[in-house]
Amino acid sequence: MISDKMTQALNEQVNREMYSAILYMSMSAHCNQVGLKGFANWFMVQYHEEMLHAMKIFEYIQRQGAQVKLAAIQAPPADFKSPLDLFTQTLAHEQFITRSINDLMEVAIAEKDHASQIFLEWYVTEQVEEEENDNDIIAQLKLISDNPQGLMMLDRELAGRMTTVPTDFSKGVAAAMAAAGA
Ligand code: FEO
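Visitor: Honestly, the overall build of the protein chain in this entry has me stumped. Any pointers?
Guide: The helix and strand inventory of the protein chain stands at six helices and zero strands. Overall, the protein chain shows an N-to-C arrangement of helices and strands of α-α-α-α-α-α. For 182 residues, the compact-globule estimate of 2.2 N^0.38 gives 16 Å, and the C-alpha radius of gyration of the protein chain, at 17 Å, lies within 12% of that figure. Along the first, second and third principal axes, the C-alpha set of the protein chain runs to 55 × 30 × 25 Å.

If you want it as structure tokens, here you go:
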């Protein structure tokens, strides 16, 4: 059982995670268009991760016998100035998501909702990794500056990022994660 306030806060987070997914999908399309196929791959992997984040909350709300209420997802931007602009925007977005997860945790604590606190711990840890990944790539992009060879090397590195999360949720999140070894 979770409170109406907790349910509403979790539903809002489903929307934020799905916005994150289409934001990275849009960034992937942009990278593909400008010939940065490795960057495009990195953002598509990120898209799949965000869908997992949304699906885990979607399923948790239902397991708690509460109502899922989906809402319209804001359109993401389509134009970006440079790879550094992409990752600066990505980091700023992830910092926003981190704050929203912290706010959710505050609701769970105020409601004395121990189950939701335990559930949300996975997201607290995940956000540290998300911001770390973005900071690492931003640091590399700053070193590369305007060097096309350096950019191509990073593009090749990002092409190697593999999807390690499930992409098929037809049998539920737990089954999909087990099948993907996630
Ligand atoms: Fe779902 Fe990138 O935070």
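Past the structure itself, the notes keep going.
Visitor: Teacher, can you tell me more about the nonpolar core here?
Guide: As a rule of thumb, nonpolar side chains are buried together in soluble globular proteins. Core analysis: the biggest nonpolar cluster contains 21 residues, and Phe39, Phe43 and Phe87 have the highest contact counts within it. Examining the composition of this core, we find that five residues originate from one element, helix H1 (residues 4–33), more than from any other. Apart from the residues lying within four places of it in its own chain, the contact partners of Phe87 are Phe39, Trp42, Phe43, Asp134, Ile137, Ile138 and Leu141. In this structure, Val14, Ile61, Ala66 and Ala108 belong to the second largest nonpolar core, which totals 19 residues.

Visitor: Looking at this model, I keep getting lost on the side chain of Asn11. Mind explaining?
Guide: Relative to the assigned elements, Asn11 resides in helix H1. Under the relative-accessibility criterion, Asn11 is labelled buried at 9%. Non-local contacts of Asn11, meaning those with residues more than four positions away in its chain, are made with Ile61, Gln67, Val68 and Lys69.

Visitor: Got a minute to help me understand the packing of aromatic side chains in this structure?
Guide: Ring pairs (aromatic) are described by centroid distance and by the angle formed between their planes. Counted according to the given criterion, the structure contains eight aromatic pairs. Residues Phe39 and Phe87 carry aromatic rings whose centres are separated by 6.1 Å and whose planes lie at 65 degrees to one another, so their mutual orientation is edge-to-face. With Phe39 in helix H2 (residues 37–63) and Phe87 in helix H3 (residues 83–110), the pair connects residues that are 48 residues apart, well separated along the chain. Each member of the pair, Phe39 together with Phe87, is buried. Aromatic side chains Phe43 and Phe87 sit 5.0 Å apart centroid to centroid with 35 degrees between the ring planes, which places their arrangement in the tilted category.

Visitor: Sorry if this is basic, but what is going on with the pattern of salt bridges here?
Guide: It is possible for side chains bearing opposite charge to pair when their charged atoms get close. Summed over the entire model, instances satisfying the criterion amount to two salt bridges. The salt bridge partner of Arg16 is Glu12, with a shortest N-O separation of 3.8 Å. Here Arg16 and its partner Glu12 are both found in helix H1, four residues apart, which amounts to about one turn of the helix. You can call Arg16 partly exposed: its relative accessible area is 22%.

Visitor: Which parts of the structure should I look at to understand the packing of H2 against helix H4 (residues 114–144)?
Guide: Packed helices, taken two at a time, are described by their axes: the angle between them and the distance between them. Relative to each other, H2 and H4 sit at 170 degrees, their axes nearing to 12 Å. Judged on the interaxial angle alone, H4 and H2 are roughly antiparallel. Taken together, the residues of H4 that come into contact with H2 (itself represented by Phe39, Trp42, Gln46, Glu49, Glu50, Leu52, His53, Lys56, Ile57 and Tyr60) are Ala115, Ser116, Phe119, Trp122, Tyr123, Glu126, Glu130, Asn133, Asp134, Ile137 and Leu141. For the contact of H2 with H4, the class distribution of residues is eleven nonpolar, four polar and six charged.

Visitor: Explain the side chain of Lys56 here, please?
Guide: With respect to the helices and strands, Lys56 occurs in helix H2. Although Lys56 is buried, it makes no salt bridge; Glu59 carries the closest opposite charge, 7.7 Å away.

Visitor: Help me out: how do you make sense of empty space enclosed by the protein in this one?
Guide: It is a probe the size of a water molecule, rolled over the atoms, that shows where empty space is left. Per the counting criterion, the structure on display carries one cavity of 30 Å³ or more. Broken down by secondary-structure element, the contributors of at least two residues to the lining of the largest cavity are H2, H3 and H4. Looking at the lining of the largest cavity, the element that brings in the most residues is H4, giving three residues. The residue inventory of the lining of the largest cavity, partitioned by class, reads one nonpolar, three polar and three charged.

Parameters and conventions
- Residues numbered from 1 in each chain as written.
- Predicted model: local features only at pLDDT ≥ 70, side-chain atom pairs only at ≥ 80, totals over all residues.
- Heavy atoms only, no water.
- Helix = DSSP H or I, 4+ residues; strand = E, 2+ residues; numbered from the N terminus.
- Rg over C-alpha atoms; globule rule 2.2 N^0.38 Å.
- Core = buried A, V, L, I, M, F, W, Y, C linked by side-chain atoms within 4.5 Å.
- Buried < 20%, exposed > 50% of the residue type's maximum accessible area, 1.4 Å probe, protein only.
- Contact = heavy atoms within 4.5 Å.
- Phe/Tyr/Trp six-rings, centres within 6.5 Å; stacked < 30°, edge-to-face > 60°.
- Salt bridge = Lys/Arg side-chain N within 4 Å of Asp/Glu carboxyl O.
- Axes fitted to C-alpha atoms, helices over the stretch in contact; angles between N-to-C directions.
- Parallel < 35°, antiparallel > 145°, perpendicular 65-115°, else oblique.
- Nonpolar A, V, L, I, M, F, W, Y, C, P; charged D, E, K, R; others polar.
- Lys, Arg positive; Asp, Glu negative; His and termini not counted.
- 1 Å grid on protein atoms, 1.4 Å probe; cavity = no way out; pocket = protein on both sides within 12 Å on 5 of 7 lines; lining within 4 Å.
- Points joined across faces, edges and corners; volume = space filled by probe spheres on them.

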